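# Understanding the architecture of this molecule
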Number of protein chains: 2
Amino acid sequence: MVSQTEPAAGNQTVSNGWDRDLVPDTRGETRHPEPTCPVEVALAAVGGRWTTLLLRELMHGPRSFGQLRAALPALSAKVLSERLTRLALDELIECRRQKGFPSHTVYRLTAAGQTLKPLLIELYRTGDALLRETSAHCGRSGT
Amino acid sequence: MVSQTEPAAGNQTVSNGWDRDLVPDTRGETRHPEPTCPVEVALAAVGGRWTTLLLRELMHGPRSFGQLRAALPALSAKVLSERLTRLALDELIECRRQKGFPSHTVYRLTAAGQTLKPLLIELYRTGDALLRETSAHCGRSGT
DNA sequence: CAGTATCCCTGTTGATACTG
DNA sequence: CAGTATCAACAGGGATACTG
C-alpha cells in the first residue's frame, strides 16, 4: 500500500507540494479567494442567477432585449439589465443600439464571451456525472 | 457571408433550434434556473466562497479540520464547517472521526468529488484565457 | 481539536412602477 | 421597445464566543 496521509492520491505532476494539473502557476497557490485567481475570474463570469441561461441564449446567436425576455419569461427586466451590463463591462458581450423609436438593441457575444462555451459544456458534463453517481448511490445496474 | 441574424455562428450540431454541444438533452432546455439542470448541479457543487480552494486542498489528499484551517487561515471555522457539511451531504466528501480526545476528523474526496477535478481545471483554463484576452484589449504584442 | 451558536451586516434578487 | 428607480425580502458570509 502507498502512504495515503500526505502525497495525495493519483497525481503524478506534483511540484513543490502542488498538483500542477490543478495549480499550473502561482496564481492558483493562493490561500484566499483572490479576484485575480483564474478560477475566481471564470466563476465570476458565469456566476449569478440566470447568467448561464442568458449565455446559452447568446451562444445561439445575437438577441435583442425583448427576445431574451421572451426566451426567459421569469427573468425580470431589472435582473436582465444588470446581467447584460456586467457582461458588457467584462467585455464578454457587445451591444448595438439602433437609433430611432421604438428603440432596439442587439446583444452578441464577443470573442472573449465565446471562450466560455467549453466551460459551459464542462459544467453540463460534470453536473450530469454527479447526477448519475449520486442517483446510483447503491445499485450499479437496473432492478 | 453567412446569415448572422438567426442560426447563430459556428454550430453544426443544431437540432430543433438548440446547439446540441451546449444543450445535449432536454434538461438543458429549461427557461428557468432549475436545480435539476446539470449546469446548476455543477455550479452548486463548486459554488460558495472558499469552496474551490477547499476542494483544491482536498484534491491534494485527505485533510483534517485543523489542516484545512492552517491551509486557509482566513477561512473561519463556521464557514469551513458549513462547507464541509454541505459537501458531505452532497456526497462529494467523506469524513472519518477518530474517537477519543482531543477529537480528530479526516475529510477526503469521494469518487463523486474526484469528478470535479476536470471542472476545476477547466475553470482555471477559462479564467486564464479571459485574463489574457481582456488584458490584451488593444495591443497584440509588447512595444 | 473540532466544531456550534449568535448576531450583524451586506449583497442579491424580485416585484412593481415609471421613463426615453 | 428598452430600459431605470425604488423598495422589500432573503441568503451568504464574517466576528466573536461557547461546548464536547
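All values reported here derive from a predicted model rather than from experimental measurement. (Residues numbered from 1 in each chain as written. Chains lettered and ligands numbered in written order. Predicted model: local features only at pLDDT ≥ 70, side-chain atom pairs only at ≥ 80, totals over all residues. Heavy atoms only, no water.)

Across its full length, chain A carries six helices and five strands. Put simply, chain A runs from its N terminus to its C terminus through helices and strands in the order β-β-α-α-β-α-α-β-β-α-α. Counting only residues that meet the buried cut, chain A has 41% of its 143 residues in that class. Put simply, chain A shows about 8,000 Å² of open surface, and 54% of that area lies on carbon and sulfur atoms. (Helix = DSSP H or I, 4+ residues; strand = E, 2+ residues; numbered from the N terminus. Buried < 20%, exposed > 50% of the residue type's maximum accessible area, 1.4 Å probe, protein only. Areas by Shrake-Rupley, 256 points an atom, 1.4 Å probe, with all protein chains shown as cover.)

Leu-116, Leu-119 and Leu-123 of chain A together with Leu-116, Leu-119 and Leu-123 of chain B are the most contacted members of the largest nonpolar core, which totals 68 residues. Apart from the residues lying within four places of it in its own chain, the contact partners of Leu-116 of chain A are Ala-45, Val-46, Leu-55, Met-59 and Leu-92 of chain A together with Thr-126 and Leu-130 of chain B. (Core = buried A, V, L, I, M, F, W, Y, C linked by side-chain atoms within 4.5 Å. Contact = heavy atoms within 4.5 Å.)

Attention now moves to the relation of the copies chain B and chain A. Superposing chain B onto chain A takes a rotation of 180° plus a shift of 0.0 Å along the axis, which leaves an RMSD of 0.1 Å. Those values place the two copies in the arrangement expected of a two-fold rotation axis. Of all interface residues in chain B, 100% are interface residues in chain A too; the two copies therefore contact each other through one and the same surface. (Least-squares fit on C-alpha atoms with pLDDT ≥ 70 in both.)

Before going further, it helps to spend a moment on the UniProt feature "domain: HTH hxlR-type" (unreviewed entry) in chain A. According to UniProt, the positions carrying the feature "domain: HTH hxlR-type" (unreviewed entry) are residues 37–135 of chain A. Between the end C-alpha atoms of residues 37–135 of chain A there is a gap of 33 Å, over a span that is 62% helix and 14% strand. (UniProt positions renumbered as here; feature names shortened; annotations may be inferred.)

Before going further, it helps to examine the pairing of strand β5 (residues 104–109) of chain A. Residue and element names in this part refer to chain A. Of the two faces of β5, only one is covered, namely that formed by Thr-105, Tyr-107 and Leu-109; the face formed by His-104, Val-106 and Arg-108 stays uncovered. As judged from the two bridges shared by strand β3 (residues 63–64) and β5, these two strands associate in the antiparallel manner. Paired with Arg-63 across the two strands is Tyr-107, which belongs to β5. Inspection of the sheet shows strand β4 (residues 93–98) paired to β5 by six bridges, in the antiparallel sense. By the bridge assignment, Arg-97 is partnered in β5 with Thr-105. Hairpin connection from β4 to β5: five residues lie between these consecutive antiparallel strands, with Gly-100 at a positive phi of about 120°. (Pairing = 2+ DSSP bridges.)

In the vicinity of DNA strand C there are 20 residues, among which Arg-49, Lys-78 and Arg-83 of chain A together with Ser-81 and Tyr-107 of chain B approach most closely. Protein-proximal atoms of DNA strand C, defined as those within 4 Å of the protein, fall in sugar or phosphate at a share of 64%. Between His-104 of chain B and DNA strand C, the recorded distance is 2.9 Å, taken from a side-chain N or O atom to a phosphate oxygen. With respect to DNA strand C, the side chain of Tyr-107 of chain B contributes an N or O atom lying 2.3 Å from a phosphate oxygen. Those elements giving two or more residues to the surface near DNA strand C turn out to be α4 (77–89) of chain A together with α3 (65–71), α4 (77–89) and β5 (104–109) of chain B. Considered class by class, the residues forming the surface near DNA strand C number seven nonpolar, eight polar and five charged. (Near = heavy atom within 4 Å. Polar contact = N/O pair within 3.5 Å; in protein donor to acceptor, adjacent residues only side chain to side chain. Nonpolar A, V, L, I, M, F, W, Y, C, P; charged D, E, K, R; others polar.)

For the structure on display, the rule yields 18 salt bridges over all chains. We note a salt bridge from Asp-19 of chain A to Lys-117 of chain B, for which the minimum N-O separation is 2.8 Å. Taken together, the residues span two chains, with Asp-19 of chain A in strand β2 (residues 18–19) and Lys-117 of chain B in helix α6 (residues 117–135). Residue classification places Lys-117 of chain B among the buried positions, given a relative accessible area of 17%. (Salt bridge = Lys/Arg side-chain N within 4 Å of Asp/Glu carboxyl O.)

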